[in-house]
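Each chain is listed here by its residues.
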Amino acid sequence: AQSVTQLDSQVPVFEEAPVELRCNYSSSVSVYLFWYVQYPNQGLQLLLKYLSGSTLVESINGFEAEFNKSQTSFHLRKPSVHISDTAEYFCAVSAGSYQLTFGKGTKLSVIP
Amino acid sequence: DVKVTQSSRYLVKRTGEKVFLECVQDMDHENMFWYRQDPGLGLRLIYFSYDVKMKEKGDIPEGYSVSREKKERFSLILESASTNQTSMYLCASSSHASGDTDTQYFGPGTRLTVL
């Protein structure tokens, strides 16, 4: 079985500052890793994913995450946040069994 | 783009009523999922289906049932709604195709209130 820990439930950050949302996972087998974003009163949208290959993956809106197998982490980073990035972010892991295991989420609040 | 739609964005029901939540996907995905989302608890899997007429229990199936008669449609049924089923319900779908492995695509959610 897999598990996901998102270490921070809330992260406030000033506009244009960098941010890192932390995600650690536990699994006895190889995994696929995902970050989803949820804007208020909406469903989850896929932000980026790691399936194989390069350990650094990027999204179209400036976020990136790096798969670190030795530290079992998949932290999400952005060098400069915007007000529009205010949302809840979920890390998820899969071991190829169709099911995703989600973390409890991190609420990112961008302060003007 | 994958599109997953849910029959209602907001729903208010009374205790004891039978409630149907419907989900439709347009990408011929084999797998479909129902989650509930509660503050501080994240997403919890209720049921999933990997083929027509097939279903598997997730982590919290009690008080729920599902139906998948057609590939594109997955219904969640609350046989007798209770106040502790007040929640946001999210439907998702995914494909068996390699390159898209386990990537789930979500609908907009249904916020159900049971009075």
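Reading guide: rules and limits
The written sequence of each chain sets the order in which its residues are numbered from 1. Chain A is the first chain written and ligand 1 is the first ligand written, with later ones labelled in order. The predicted nature of this model means local features are confined to residues of pLDDT at least 70 and side-chain atom pairs, given and counted, to a pLDDT of 80 or more, with totals for whole chains, interfaces and linings taken over all residues. The side-chain numbers reported here are obtained from all heavy atoms of the structure, hydrogens and water having been left aside. Cysteine sulfur atoms are paired as a disulfide whenever they come within 2.5 Å of each other. Secondary structure counts use DSSP, requiring at least four H or I residues in a row for a helix and at least two E residues in a row for a strand, with both numbered from the N terminus. Throughout, exposure labels follow a simple rule: accessible area from a 1.4 Å probe, protein chains only, divided by the maximum for the residue type, with under 20% read as buried, over 50% as exposed, and the rest as partly exposed. A pair is scored as a salt bridge if a Lys or Arg side-chain nitrogen falls within 4 Å of a carboxyl oxygen belonging to Asp or Glu. Residue contacts follow a heavy-atom distance rule, with two residues in contact if any of their heavy atoms lie within 4.5 Å. Two parts lose some accessible area (1.4 Å probe) when they are put together, and adding that loss for both gives the buried area. Side-chain atoms alone can form a polar contact between residues adjacent in sequence; in general such a contact is a pair of N or O atoms within 3.5 Å, and within protein one must be able to donate a hydrogen while the other accepts it. Residue type decides the class: Asp, Glu, Lys and Arg count as charged, Ala, Val, Leu, Ile, Met, Phe, Trp, Tyr, Cys and Pro as nonpolar, and the leftover types, Gly among them, as polar.

Asker: How should the state of the cysteines be read in this particular structure?
Answerer: In protein structure, a disulfide is the covalent linkage between the sulfur atoms of two cysteines. All names here are of chain B. Taken as a whole and assessed by the stated rule, the structure comprises 2 disulfides over all chains. Residue Cys-23 pairs covalently with Cys-91 via a disulfide, S to S 1.9 Å. Since a negative S-S torsion denotes a left-handed disulfide, the Cys-23-Cys-91 link at about -75° is left-handed. Here the residue Cys-23 occupies a position in strand β3 (residues 19–25), and Cys-91 occupies one in strand β9 (residues 87–94), the gap between them amounting to 68 residues. A relative accessible area of 0% means that Cys-91 is categorised as buried.

Asker: How should the pattern of salt bridges be read in this particular structure?
Answerer: In a structure, side chains of opposite charge can pair up when their charged atoms sit close to one another. Residues and elements named next belong to chain B. One pass over the structure, following the stated rule, counts 9 salt bridges over all chains. One salt bridge connects Arg-44 with Asp-38, and the closest N-O pair in it is separated by 2.8 Å. Here Arg-44 falls in the partly exposed class, since its relative accessible area comes to 25%. A cluster of three or more residues bridged by salt bridges with shared partners is formed by Arg-36, Asp-38 and Arg-44.

Asker: Looking at this model, I keep getting lost on the side chain of Asn-31 of chain B. Mind explaining?
Answerer: Within the secondary structure, Asn-31 of chain B is located in strand β4 (residues 31–38). Note on Asn-31 of chain B: relative accessible area 1%, which makes it buried. If we ignore the near neighbours within four places in the chain, the residues touching Asn-31 of chain B are Tyr-98 of chain A together with Ser-49, Tyr-50, Arg-68, Ala-92, Ser-93, Ser-94, Ser-95 and His-96 of chain B.

Asker: Is there a simple way to explain the interface of chain A and chain B in this structure?
Answerer: Accessible area lost upon the coming together of the parts serves often as the stated size of an interface. Each side of the interface is counted separately: chain A has 23 residues, and chain B has 24 residues. Both sides of the chain A and chain B interface together cover about 1,800 Å² of buried area, and 55% of this is carbon and sulfur. Summed over the shared surface of chain A and chain B, the number is 0 salt bridges. Taken together, chain A and chain B are joined by 6 residue pairs in polar contact (both at pLDDT 80 or more). Listing elements by their share of the side of chain A that touches chain B, those giving two or more residues are β5 (32–38), β6 (44–50) and β10 (87–94) of chain A. In terms of residue count, β5 of chain A provides more of the side of chain A that touches chain B than any other element does, 4 residues in total. Within the side of chain A that touches chain B, the residues separate by chemical class into 11 nonpolar, 9 polar and 3 charged.

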